[in-house]
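Next come the chains, spelled out residue by residue.
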Amino acid sequence: MNRWSGMQSKVRNWIAMIRNPNTSAARGMIQQFGFGLLSLVAMITVVPILAVIVYIFIQGIPAISVEFLSGFPREGMRQGGILPAIVGTFYLTLGTAVFSVPLGIGAAIYLSEYASENRWTRLIRIAIINLAGIPSVVYGLFGLGLFVLFLNLGTSILAGSLTLSIMTLPVIISTAEEALRSVPQSFRVVSISLGATRWQTIRKIILVEALPGILTGVILGLERAAGETAPILFTVAAFFLPQLPRSPLDATMALPYHLFVISTQVPGMPIKIQFGTALVLLFFVLGMNLIATTIRSRARARRQW
Amino acid sequence: MKINLNWSEFLITRLIKVSGYSAIIFVGLIFVFLVMEGFPALLEVPLGKLIGTRWYPIEEHFGILPLVGGSLIVTIGAAMFAIPIGIGTALFISEVSPRWARDILKPLVEMLGGLPSVVLGFLGILILAPFLRRFLDLPTGLTALAGSILLGGISIPTIVSVAEDALDAVPRSYRDAAIALGATRWQTIWRVTLPAARSGVLTAIMLGIGRAIGETMTVMMVTGNAPVLPIGLNALFQPVRTMTATIAAEMGEVANGSTHYHVLFFIGVVLFMISLVINVTASAVVFRIKNRSERILS
């Protein structure tokens, strides 16, 4: 009886709250419920990421062995190792860095140190935003049209690196520019007043101070290049090659493309090798991500201005 | 010596300027090459057939509507997941969570952005598709829905980071004023902070959708690759094929300079234009916000 009336009054309270949601009790309840909902949503974002990483790690670890990391694929890729794919991704990342790092940092220096805010600068910024938004497969088409066919580079590491470097450019430019801009104006003023030229100021003061930020941007850009598949589909990637590439004009295997091939194109592929390949790729990409974030947070902690 | 120094400084300044303009040059180059290879499609295939409902290149049927429809339905599906989850996560990170939680959540979300799409596609084939097939009792799990779920995951980091920036940029005084007037934090979020950040949040949604439309490997691996025109919401549970997946799947096997090759480049032009519209609109919003705040400050 007592319990019944208790519940009744509870229900009555609820109805009152719904009828008049402006009482402070009702608002507190709504807020609690809302915050709970938002944290649930955040969990929905984060938990699958961790689950994916942990799952691939657990499933992939048994495949990792010296032979897997340093051997060539055998028996139609169903056995052996993935060395050519690892080496290929390494070369591609390196090749991308060769083109995109100087160009990206140069563009960032221009935007932060030289450009005045006019129509052209605004156009450059719109172009950068656009480059960042172009679908990766469209980069592949462009690379095929310009580098592979028009410049006649063939499907080669060179063509693939050039394509990937244009794709990574916006990431590098925008993070490097941010890093350069965060160097206080007084550093520039003092350096110039001591008789340094503008370029000396940039090279010896500003670039040095902004280095950690720039490095973070470069690594994040290259991380994207290392993990992408669509831009290299028609510009460099080879299904299977029995040897390592010997010149920048050779085609090569690459980790992301290899994972695509063995998970869709080869029937009867042992699952262990698939997970092993996925793990190596994740290790590459997340390793770079970790290095970048570590550099960034260390630099932030050490910064004195 | 002095002359020498000036000379090299002059040269370096030039080089820097050129690299500054490189972004414009590249966007131009991409456009020119896509159009150069894609435009002949308009001459070789009558427009009525190009906007047809049958994509069967072996028999010279180049109707791109099924592919456009495939991209649309997968993207709409992805938006249904990604917008509420992305904005909710951004709100949680910027308005609700304590500092330590934010320091954990932000790098994790960034990490999701860095996961290679081919890895997600691989897990999609192996885990998500069989699960959907059993759970929804479908003939195959490789459907638009599987693509939508994974694409949603791929566009969430974009939405979260842009929306979180926008929410962060709302001045503290707005929130303080709302709280001082007796609003709860929850009411402040919905009636003050979110409306104040709405153009930034809209930008986040647009960029997220742009990311979803352009994604290639994941959708190619998990949507089942059937170029049929999807009609109605039921199509979410059927295999489809997107524009991006078509290019990726077929470009490797066509002869350079053939009609099929030109049509694939034409699809590339369409994708380029879509991303151009999305990004120019988004950047216009970004510039407008900046101008408005500058006006308020001065």
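All residue numbers refer to positions counted from 1 along the written sequence of the respective chain. Chains and ligands are labelled sequentially in the order written, the chains with letters from A and the ligands with numbers from 1. Given that the model is predicted, a residue must reach a pLDDT of at least 70 before its local features are reported, and side-chain atom pairs must reach 80 or more before they are shown or counted; all residues, however, enter totals for whole chains, interfaces and linings.

## Concerning the overall build of chain B
Point 1. Numbering of helices and strands runs from the N terminus, with a helix taken as a DSSP run of H or I at least four residues long and a strand as a DSSP run of E at least two residues long. Helices and strands together make up the secondary structure of chain B, namely 13 helices and two strands.
Point 2. The principal-axis extent of the C-alpha atoms belonging to chain B is close to 70 × 70 × 35 Å.
Point 3. Exposure classification rests on a simple neighbour count of other C-beta atoms within 10 Å of a residue's own: a residue reaching 20 or more is buried, one at 12 or fewer is exposed, and one in between is partly exposed. C-beta atoms are placed from the backbone. Looking at chain B as a whole, 49% of its 298 residues are labelled buried.
Point 4. Contact between two residues is assigned whenever their backbone-derived C-beta positions fall within 7 Å. Partitioning the contacts of chain B with sequence separation of at least 6, the portion at a separation of at least 24 is 74%.

## Examining the overall build of chain A
Point 1. Summing up its helical and strand segments, chain A has 12 helices and two strands in all.
Point 2. The helix and strand sequence of chain A, counted from the amino end, reads α-α-α-β-β-α-α-α-α-α-α-α-α-α.
Point 3. Relative to its length of 305 residues, chain A is extended, with a C-alpha radius of gyration of 27 Å against a globular reference of 19 Å.
Point 4. Taking the principal axes of the C-alpha coordinates as reference, chain A spans close to 85 × 70 × 35 Å.
Point 5. Restricting the contact set of chain A to residue pairs at least 6 apart, pairs at least 24 apart contribute 75%. Throughout, radius of gyration means the C-alpha value; the globule benchmark is 2.2 Å times the number of residues raised to the power 0.38.

## As for the interface of chain B and chain A
Point 1. In this complex, chain B contributes 66 residues to the contact, which on the side of chain A involves 67 residues.
Point 2. For the side of chain B that touches chain A, the element with the highest residue contribution is helix H1 (residues 2-38) of chain B, accounting for 19 residues.
Point 3. Polar here means any residue outside two lists: the nonpolar Ala, Val, Leu, Ile, Met, Phe, Trp, Tyr, Cys and Pro, and the charged Asp, Glu, Lys and Arg; Gly therefore counts as polar. Residues belonging to the side of chain B that touches chain A are distributed by class as follows: 43 nonpolar, 19 polar and four charged.

## Considerations on the packing of helix H4 (residues 65-96) of chain B against helix H10 (residues 198-214) of chain B
Between two packed helices, what matters for the description is the angle formed by their axes and the separation of those axes.
Residues and elements named next belong to chain B.
Point 1. Each axis is a line fitted through C-alpha atoms, taken for helices only over the stretch in contact, and angles between the N-to-C directions span 0 to 180 degrees. Between H4 and H10, the least distance of the axes is 9 Å, while the angle of their chain directions is 140 degrees. Judged on the interaxial angle alone, H10 and H4 are oblique. You can see that H4 and H10 cross each other, and the crossing is right-handed. In this structure, H4 uses Ser71, Thr75, Ala78, Ala79, Ala82, Ile83, Gly86 and Ile87 to contact H10, whose residues at the interface are Val201, Ile205, Gly208, Ile209, Ala212 and Ile213. If an angle is under 35 degrees, it is roughly parallel; if it is over 145, roughly antiparallel; if it lies from 65 to 115, roughly perpendicular; otherwise it is oblique. The sense of a crossing depends on the near helix, which, turned anticlockwise from the far helix by less than a right angle, makes the crossing left-handed and, turned clockwise, makes it right-handed.

## Details of helix H12 (residues 243-250) of chain B
Point 1. By the criterion of burial, H12 of chain B is predominantly enclosed, with six of the eight residues buried.
Point 2. Buried within H12 of chain B are the following residues: Met243, Thr244, Ala245, Thr246, Ile247 and Ala248 of chain B.

## Concerning unusual backbone geometry
Point 1. Of note, the phi angle at Asn152 of chain A is positive, near 60 degrees, even though the residue is not glycine.
Point 2. Relative to the helices and strands, Asn152 of chain A is located in the loop between helix H6 (136-150) and helix H7 (157-181).
Point 3. A positive phi angle, close to 60 degrees, is found at Asp137 of chain B, a residue other than glycine.
Point 4. In this structure, Asp137 of chain B sits in the loop between helix H6 (117-136) and helix H7 (144-168).

## Points about the confidence of the model for chain A
Point 1. One confidence number per residue, pLDDT, is output by the predictor and ranges from 0 to 100. Residues of chain A with pLDDT of at least 70 account for 97%, and the chain-wide mean is 87.
Point 2. Between the elements of chain A, mean pLDDT differs from a low of 73, seen in helix H1 (residues 2-19) of chain A, to a high of 93, seen in helix H4 (residues 83-114) of chain A.

## Section: the nonpolar core
Taken as a class, soluble globular proteins show a tendency for nonpolar side chains to be buried jointly.
Point 1. Core membership is restricted to buried Ala, Val, Leu, Ile, Met, Phe, Trp, Tyr and Cys residues, and these are joined into a nonpolar core through C-beta atoms within 7 Å. Counting 178 residues, the largest nonpolar core has Ala23, Val119, Ile159 and Ala163 of chain B as the members making the most contacts within it.
Point 2. Excluding its chain neighbours within four sequence positions, the residues that come into contact with Ala163 of chain B are Gly86, Ile87, Ala90, Gly200, Val201 and Ala204 of chain B.

## Observations concerning the environment of Val137 of chain A
Point 1. Counting through the fold element by element, Val137 of chain A comes out in helix H6.
Point 2. Given 32 C-beta atoms within a 10 Å radius, Val137 of chain A is considered buried.
Point 3. Spatially, the C-alpha atom of Val137 of chain A lies 9.7 Å from that of Glu228 of chain A, the residues being 91 residues apart in sequence.
Point 4. With residues near it in sequence (within four places) discarded, Val137 of chain A still touches Ala230 of chain A together with Thr216, Thr244, Ile247 and Ala248 of chain B.

## Some remarks on the packing of helix H8 (residues 172-180) of chain B against helix H9 (residues 185-196) of chain B
Residue and element names in this part refer to chain B.
Point 1. The geometry of H8 relative to H9 is characterised by a closest axis approach of 10 Å and an angle of 155 degrees between their N-to-C directions. Looking at the two axes, H8 sits roughly antiparallel to H9. By crossing handedness, the relation of H8 to H9 is classed as right-handed. Residue-level inspection shows Tyr174, Arg175, Ala178 and Ile179 of H8 in contact with H9, the latter providing Thr188, Val192, Thr193 and Ala196.

## With respect to the environment of Glu215 of chain B
Residue and element names in this part refer to chain B.
Point 1. Here Glu215 lies in the loop between H10 and helix H11 (217-222).
Point 2. Residues Glu215 and Ser71, 144 residues apart in the sequence, show an inter-C-alpha distance of 9.7 Å.
Point 3. Sequence-distant contacts of Glu215, that is, excluding residues within four places in its chain, are made with Ser117, Leu151, Ile154 and Thr244.

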